[in-house]
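Tertiary structure, described
One letter stands for each residue in the lines below.
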Amino acid sequence: MHLRTRLKHLALTGAALAVVTASLPGAAAADSGDRGDRPSDRGLSAVIRYTEYGIPHIVARDYANLGFGTGWAQAADQVCVLADGFLTVNGERSRYFGPDAAPDGSLSSAGTNLSSDLYFRGVKDAGTVEDLLATPAPAGPSRDLKELMRGWAAGYNAWLRKNRITDPACADADWVRPVTALDVARRGFAVSVLGGQGRAVDGITAARPPVSPPAAAPPAGTDSSGAAPLAVTAASDAVPDPDDAAEAARELFAPENATMGSNAVAFSGTTTANGRGLLLGNPHYPWQGGRRFWQSQQTIPGELNVSGASLLGTAVVNIGFNDKVAWSHTVATGVPLSLHQLTLVPGDPTAYLVDGKPERMTPRAVTVAVKDGAPVTRTQWWTRYGPVVGGLGAQLPLPWTATTAYALNDPNAANLRGSDTALGFGRARSTQDVVDTLKRTQGLPWVNTIAADSAGHSLFTQSQVLPRITDELAARCSTPLGRATYPASGVAVLDGSRSDCALGSDPDAVQPGVFGPARMPVLRDTPYVENSNDSAWLANADRPLTGYERIFGTVATPRSLRTRGGIEDVAAMADRGRLTVADLQRQQFANRAPAGDMAAADAAKACASALPEDPEVCRVIEEWDRTVNTDSRGALLFDRFWRKFTGTVKPADQWKVPFSAADPVRTPNTLNTGLPEFGKALAAAAAELRAAGIALDAPLGAHQFVVRNGERIPVSGGTESLGIWNKAEPVWNAAGGGYVEVAHGTSHVQAVGWDGSRCPVARTLLSYSQSSNPASPHYSDQTRLFAGERWVTSRFCEKDILRSPALKVEVVRG
């Protein structure tokens, strides 16, 4: 950049910063009650400096003003996605989109808009989030967080008022409306309960007693509110089969079946070139919808300076780094819910017994407006343990009979602290500060934390808000169903008729009924700590973590191929030593396929016997380079074969050498090619590709791609079953040319280290880019970077921001 241009940028930015640090007024007074009133943006403002790829660096005087700038900038990139999410948490999807359409799944598992609305409208009617906001910290959110949320809503509204929406997804839509700080908090609540009530929305909203309550019974065909027609079910004593329920629960909570996951590794200074820590974070999140990440830097001079990624609609950086600390998260194996099996009062299925005494369920009639139809009213039933639930997804029905019902306990329904945890991480100066933040806030509902710092420390901890289900309690209080589900999956089913089966409290827990920090698995200052969505057991294979309760996860059980491959890679890196950020970048795009390394040679050798009439299949698999780079030939054929083989053969039968807890990274091994399913899967994969007109040795990128504004962008990476670090779970469409879209996978990547200066050494990448708006210049720019395995050099320090050739400065005001 020419000196004159640099001076011009410096002058402009300096003036803008002066506005923030010297002349901006303090935060406006909080709105009275904040129970629905739109927050005032009077006096709120921020400076937003945009650098390459549309990444905003937001500077403000205090938390309200920082929230204002963040809400403005998120709206500029993602207004339609955000507006859609606010409809969700206000229970208004059916009003605008009809009751039968499906939400995008970002804020709950609801199968239809009506189910989603009934749940979220029920939360709204009950004042659940208002009560949490009124709870004093640390059990409730801090004042700083409340100010951030208030400012975020004001900034979002100010952007709406002053700008024209160009995204065709919601341009001129009447459902794009101003929001309140309460709406922002409701969105945070939805994220918090994703693993608990959010997983069971359909089961909560569809739960019905088998007969009408005896008192003031409504006519047949209506619910207890007398408003909407219902199908009244006959009384039944059906009980779930324990073995079937155990397998269903295992599959429901299995990491390989999740729509979210992650890898993360932190290296201590003993392994690095300069004795400082390193962190590589690689979350696997949806590529579309409201659970996307969005990049920014947030700065309050002298108070906060953090860069990273936020989940849409949140006012904090959820995964990121500052000049001393970097952290990432991986979806944890802890089960953030439990069930209580209720013994019902004879003749009254809406009352249950506790220590022989009857307690009545609390009915909550919820009414939802419906497009082109009459409002729909349904009744939900609540107990001392939580809502009655008719099942956890279609896989695990929990029938409400004349004698038995099931209530769901979700401790994160009392947790609005997750953003305070993130805020504490952003202010941390060491991994010890990360630990202290987790102890103080106890806000993470369903993730592990992996961190490194500039002093050379590494950290892994599974600090989750989990129901306090000890193995002793499960042994003493599990029903026959729970005795099957708990060992298999960590899903406890406790006897709700006994008060001595209550969860109790740990003395260091911030809320009752959850584990305190002293019970969490923690590993510090080992050469590496790594997690790829298996339990804490092998965070470091040389220092296995044990001694935690089953609800946290398993010990001495088979690990996923992604975990095994990840441990092999990072352990080898740690042994090699002298590591730098460049080594992290190479690991991210190594694209090694552990399944290929383990099975391709055996498959090629056995192929001739299995498919003697088709030697091309055998040749292509033999010549495949065992990677999932875009130019890898044979990767697509092996991928399609592997999906079919592992989809039809039980894990224990796929290998000749079984799992050994004494050698968990290298076992099981040796592909079981003698199974008839082996040859069938090979033949089916070859036939599938040929029928689609795809050559068996076609380069992967020719048929694994996404389309953005008509541009076909090839992407590397591979599926969970192949064990790929750089995960991609694309949608197969043979008629469309192969894998034509990525449903979820690598999202916001950060490779972070330190060199002794005030500026962290950081490289980032947002695979799906900053904006969902096809008209935005930042709709696919980072997606093309991702395709080329290229990175963004983070501009954290002022001198680097000012040197950006793309620098654009905005002073935004209410």
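Just so it is clear, the structure is predicted and the values come from calculations on it, not from any experiment.

Here we come to the side chain of Glu 530. Note that Glu 530 resides in strand S22 (residues 528–531). Buried charge without a partner: Glu 530 forms no salt bridge, and the closest opposite charge is Arg 562, 6.5 Å away. At 2.5 Å, the side chain of Glu 530 and the side chain of Ser 532 are in polar contact. Non-local contacts of Glu 530, meaning those with residues more than four positions away in its chain, are made with Ala 264, Val 265, Leu 538, Ala 539, Gly 566, Ile 567, Val 570 and Trp 725.

A few words on the packing of aromatic side chains. All told, the structure shown has 25 aromatic pairs when counted by the stated rule. Each ring, one from Phe 638 and one from Trp 642, has its centre 5.6 Å from the other, and the planes form 15°; the classification is stacked. Note that Phe 638 and Trp 642 are positioned in helix H18 (residues 635–648) at a spacing of four residues, about one turn of the helix. A relative accessible area of 0% means that Phe 638 is categorised as buried. Note on Trp 642: relative accessible area 1%, which makes it buried. Members of the aromatic cluster, joined through ring pairs, are Trp 624, Phe 638, Phe 641, Trp 642, Phe 645, Trp 655 and Phe 678.

With the rule as written, the count across this model stands at four disulfides. In this model, Cys 80 is linked to Cys 170 through a disulfide, with the two sulfur atoms separated by 2.0 Å. The disulfide joining Cys 80 to Cys 170 has a torsion of about -80° about its S-S bond and is therefore left-handed. Residue Cys 80 is located in helix H2 (residues 63–89), and its partner Cys 170 is located in the loop between helix H6 (143–162) and helix H7 (181–192); the two are separated by 90 residues in the primary sequence. Comparing Cys 80 with Cys 170 shows no difference in burial state: the two are buried. In this model Cys 477 forms its disulfide with Cys 501; the gap between the sulfur atoms is 2.1 Å. Torsion about the S-S bond of the Cys 477 and Cys 501 cystine: about -85°, corresponding to left-handed handedness. Placement of Cys 477 in helix H12 (residues 471–477) and of Cys 501 in the loop between strand S20 (493–495) and strand S21 (522–524) is noted, with a sequence separation of 24 residues between them.

Moving on: the sheet that holds strand S13 (residues 376–383). If you walk across this open sheet you meet the three strands as S12-S13-S14, and the pairing is antiparallel. Of all strands in the sheet, those bounded by a partner on one side alone are strand S12 (362–368) and strand S14 (386–387). In the sheet, S13 pairs with S14 via two bridges, with the strands oriented antiparallel. Within the sheet, the bridge partner assigned to Trp 382 lies in S14 and is Pro 387. Packing of helix H4 (residues 113–126) onto the sheet brings it into contact with S12 and S13, and relative to S12 it is tilted by some 120°.

Here is what the cut-offs are and how they apply
Residues numbered from 1 in each chain as written. Predicted model: local features only at pLDDT ≥ 70, side-chain atom pairs only at ≥ 80, totals over all residues. Heavy atoms only, no water. Helix = DSSP H or I, 4+ residues; strand = E, 2+ residues; numbered from the N terminus. Buried < 20%, exposed > 50% of the residue type's maximum accessible area, 1.4 Å probe, protein only. Lys, Arg positive; Asp, Glu negative; His and termini not counted. Salt bridge = Lys/Arg side-chain N within 4 Å of Asp/Glu carboxyl O. Polar contact = N/O pair within 3.5 Å; in protein donor to acceptor, adjacent residues only side chain to side chain. Contact = heavy atoms within 4.5 Å. Phe/Tyr/Trp six-rings, centres within 6.5 Å; stacked < 30°, edge-to-face > 60°. Disulfide = S-S within 2.5 Å. Pairing = 2+ DSSP bridges. Axes fitted to C-alpha atoms, helices over the stretch in contact; angles between N-to-C directions.

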